[in-house]
Amino acid sequence: MNDTEKPADTPSEEEDFGDPRTYDPDFKGPVANRSCTDVLCCMIFLLCIIGYIVLGLVAWVHGDPRRAAYPTDSQGHFCGQKGTPNENKTILFYFNLLRCTSPSVLLNLQCPTTQICVSKCPEKFLTYVEMQLLYTKDKSYWEDYRQFCKTTAKPVKSLTQLLLDDDCPTAIFPSKPFLQRCFPDFSTKNGTLTIGSKMVFQDGNGGTRSVVELGIAANGINKLLDAKSLGLKVFEDYARTWYWILIGLTIAMVLSWIFLILLRFIAGCLFWVFMIGVIGIIGYGIWHCYQQYTNLQERPSSVLTIYDIGIQTNISMYFELQQTWFTFMIILCIIEVIVILMLIFLRNRIRVAIILLKEGSKAIGYVPSTLVYPALTFILLSICICYWVVTAVFLATSGVPVYKVIAPGGHCIHENQTCDPEIFNTTEIAKACPGALCNFAFYGGKSLYHQYIPTFHVYNLFVFLWLINFVTALGQCALAGAFATYYWAMKKPDDIPRYPLFTAFGRAIRYHTGSLAFGSLIIALIQMFKIVLEYLDHRLKRTQNTLSKFLQCCLRCCFWCLENAIKFLNRNAYIMIAIYGRNFCRSAKDAFNLLMRNVLKVAVTDEVTYFVLFLGKLLVAGSIGVLAFLFFTQRLPVIAQGPASLNYYWVPLLTVIFGSYLIAHGFFSVYAMCVETIFICFCEDLERNDGSTEKPYFVTPNLHRILIKKQLVPQKQKE
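Every chain is numbered independently, its residues counted from 1 as its sequence is written. Reporting of local features is limited, given that this is a predicted model, to residues whose pLDDT is at least 70; pairs of side-chain atoms are given and counted only at 80 or more, and all residues count toward the totals for whole chains, interfaces and linings. Side-chain metrics rest on all non-hydrogen atoms present in the structure, leaving aside hydrogens and water.

Examining the UniProt feature "transmembrane region" (unreviewed entry) in the protein
- UniProt positions are given in the numbering used here, feature names are shortened, and annotations may be inferred rather than shown by experiment. Under the UniProt annotation, "transmembrane region" (unreviewed entry) lies at residues 39-61, 242-262, 269-287, 325-346, 366-390, 463-488, 608-632 and 653-673.
- For the purposes of this entry, the term helix denotes a DSSP run of H or I that reaches at least four residues, the term strand denotes a run of E that reaches at least two, and both are numbered from the N terminus. Annotation note: span residues 325-346, helix share 95%, strand share 0%, distance between end C-alpha atoms 31 Å.
- For residues 608-632, helix accounts for 100% and strand for 0%, while the C-alpha atoms at its two ends are 35 Å apart.

Regarding the environment of Asp-690
- Summarising the element assignment, Asp-690 is placed in the loop between helix H21 (650-688) and helix H22 (701-718).
- For each residue, the accessible area found with a 1.4 Å probe, counting protein chains only, is set against the maximum for its type, and the residue is called buried under 20%, exposed over 50%, and partly exposed in between. Among the residues examined, Asp-690 registers a relative accessible area of 28% and is labelled partly exposed.
- Distance in space between the C-alpha atoms of Asp-690 and Tyr-23 is 9.0 Å, their sequence separation being 667 residues.
- Residues adjacent in sequence count toward polar contacts only when both atoms are side-chain atoms; beyond that, a polar contact is any pair of N or O atoms within 3.5 Å, and within protein one must be able to donate a hydrogen and the other to accept it. Here the side chain of Asp-690 touches Ser-692 through a polar contact of 2.6 Å, side chain to side chain.

Description of the state of the cysteines
- Our working definition of a disulfide is a cysteine sulfur pair at a distance within 2.5 Å. By the definition in use, this model includes four disulfides.
- Here Cys-121 is linked by a disulfide to Cys-182, with a sulfur-sulfur distance of 2.2 Å. Across the S-S bond linking Cys-121 and Cys-182, the dihedral sits near -95°, which makes this disulfide left-handed. With Cys-121 in the loop between strand E2 (115-118) and strand E3 (126-127) and Cys-182 in strand E6 (residues 181-184), this pair connects stretches of sequence that are 61 residues apart. Cys-182 carries the same exposure label as Cys-121, and that label is buried.
- Note on cysteine connectivity: Cys-419 is disulfide-linked to Cys-438, with sulfurs 2.1 Å apart. Residues Cys-419 and Cys-438 are joined by a disulfide whose S-S torsion is about 105°; by sign, that bridge is right-handed. Residue Cys-419 is found in strand E12 (residues 418-419), and its partner Cys-438 is found in strand E13 (residues 437-444); the two are separated by 19 residues along the sequence. The same class applies to Cys-419 and to Cys-438, which are both buried.
- Between Cys-553, a free cysteine, and Cys-554, which holds the nearest cysteine sulfur, the sulfur-to-sulfur gap is 7.0 Å.
- For Cys-553, a relative accessible area of 45% puts it in the partly exposed group.
- Cysteine Cys-681 is unpaired, with the sulfur of Cys-683 as its nearest cysteine sulfur at 9.3 Å.

Structural data, given as C-alpha cells:
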C-alpha cells in the first residue's frame, strides 16, 4: 500500500495529540520486561483492604443479625429465637397500643408501652376487671388472659396496683399477627371501621375508646414497619423461588455461551437473529400490555388512577390500574421504534461491526480460555457483594441493648433517659415518676466503635465500590493482554505463546495492581459522589424548589456523562498498560492521543459494535424474562408447575431478568474487550508499519481493507 492510500492526519493534529508510533523491529506485542507501576496507590489499596477485613471482623464480633430478623420485647429478648424461653412465642404483643400515638414513637422509634412475646394474638374483647369477675366462676378465663401477661402476674391485683406493677394489659381486643406483631383485626361494616363488629370498646381504665383511635395508634407503628413489611414479603418470595431463580440464571449462562460460540461461525446470521428476536420480544411485551389494558376496562376498579390510591407499599396494586399498563405499552413502543430506526440508519456501520466481531471470534477461538474468564469475574464480584452485605448487616445490628425511661403519662422529667431494668425499681426515677417504665429502646453503645458506626457504613460502601471496579479493571486488563498477544502474532496461531490469558493475568496482578487500583479509584469516587447526591436529594426533597430540582438534574446528567467518559478512557488505558506496562496516567495519555489521531475510525467502529452486542444482551435477558414471566404467573403448567402464593411475582421475575442481563453482559464484554483491543492494536499497527515486505501489517487483509475504506469515505465527503 503506497502513501497516497494510507490516511494521514494533519500536522496540527500530530502536534496536539503526540507523535505517531514509529517502526520498531523488536516490538512483538505485549512487553515482557516491565516493572511495578503506581506503587503508592497499590500500598494505599492494600491498606484499605486490610482495614476492610478488620472492619468486617469487628462488626462480626459486635453485630447480631438476629436483631433484624426477630422482634424484641421490653427486656431486650428475641421473640421466637430457638433455645430460649421465647422459642414458641414468635409474636410481639403491646400492652397498650393506644400509647403508640405519643410523639415519642417517632423520636425513639419505640412505642412507650410494655411489650412481651406471645404465642398467639387475642381473639376477643376482655378487660382485666372483667376477667377478675369471671375468674371467680371459671378459672379458664385467667388461663386465657395470662398468656398476655408477664410470668409474675397474678389475677387478684387491684387496677391501681396493676398499673403500677405493669404486669398485665388493662384490656385486650381481637388482633391478628402482622410482621410478627399483634395488630387490631380491623374490618369494615357498611363503610364504618370496626373491630369484632364493635365501633367502641372499654380500655380497662374505666373509659370508652373509639376504634378510630386504635386505628390511629396502629398506624403510628405501621409507619415504622411499612418498609420492613415490603422487605419481609420480598424475602419470603426469594425464599420460595431462589432455586428457580438459579435455574433461570443458569439457562442465561448457557444461552450466552452458545451465542458466543455461534458468533465465531455465523456472526452475520446471528445478528439477524438478535435483531428479529429483540423486536419480537418487545412486540410481545407491547401485545401483553395492550391485553392487560383492555381487560382492565371491563372491571369497576378501572376508574381508579394512581392519584386515587396514592403511594402504596403493596406494589401489586399498581398493576390493577390501566395507567400502569398503558405507560408500559407506550415505553415499549418507543423502544421498538428506536431500535428499528437505529437498524435502518446504521446498517452500513453494522456491517463493519459484524466484520469486527468475526475477527474477534477468531481471536477468541485461538484463546478459548477467555470464554471461561467471566465465570472468575462473576465469582470475585459475588464475593465482594456478599462481604459488603454481611458487613453492612452486622454493622447495622452492632451494639448492646439500650433501655430508656418511658412515662406513659408523658409528665416525667426523666423520660428518655438511659436506665438499667434490673435496678430501675430501686432508683430515684421510679420514685419521682410513679408508673414510669424502663423498656428496651434500641441497640447501641457509647464506645468509640459505636460512635463511628455511620462512618464505618460509609467506609464499607466506598471500599465495596472500589473493589467492584478493581475486579472489573483486572478482567479488562487481563483480557486485553491476551487479545493483544493474539494480534501481534505474525503467523496465527503458530506465533501465539502458550497460556496468553494466564500470562496477562499474572502480569496485571504482579506489576500493575497499583495502576488498576488508581483507575478504579477514580470511578469509585465518581460513583460515591453520585450516591451522596442521591442521598441529599432524598433528605431535602420536601424543601426543594424548581431551581434546586433543575440543578439536581443537571448534576446527575454531568456525573453520568463523566462516569461513562472515564470508563471509556480507563478501558483503553488498561489496554495500553497490558501492552506496554506503563503507569496509569501515561497509559491514559497515550490511549487518548492514539484515539484522537484516529478519531474517524473510532466513530465508525466503537459504539456500533457495542450496539450489536447490546442487542445480544437484550435477546438473552428478554428470552429468559419471557420464560420466567410465563412460569411465575402459572402459564407453563405443561412444562413445570410454578411456585404458588407469591406476594409479588415481579420480585423473582425482575431478579431473573436483571441477573440474566448481567450474566450476558459479562460474557459479551469479552467480545467488546476483544474488539476494542484489536482496534487499538490496529491503530498502532498503521502507525508502526506501512504494509511493505520490510514493515508488514499484523492485521488481517480483510479487516484492514474494510476499516481503511470506511475511513476514506468520510474524508472524501469532507473534502
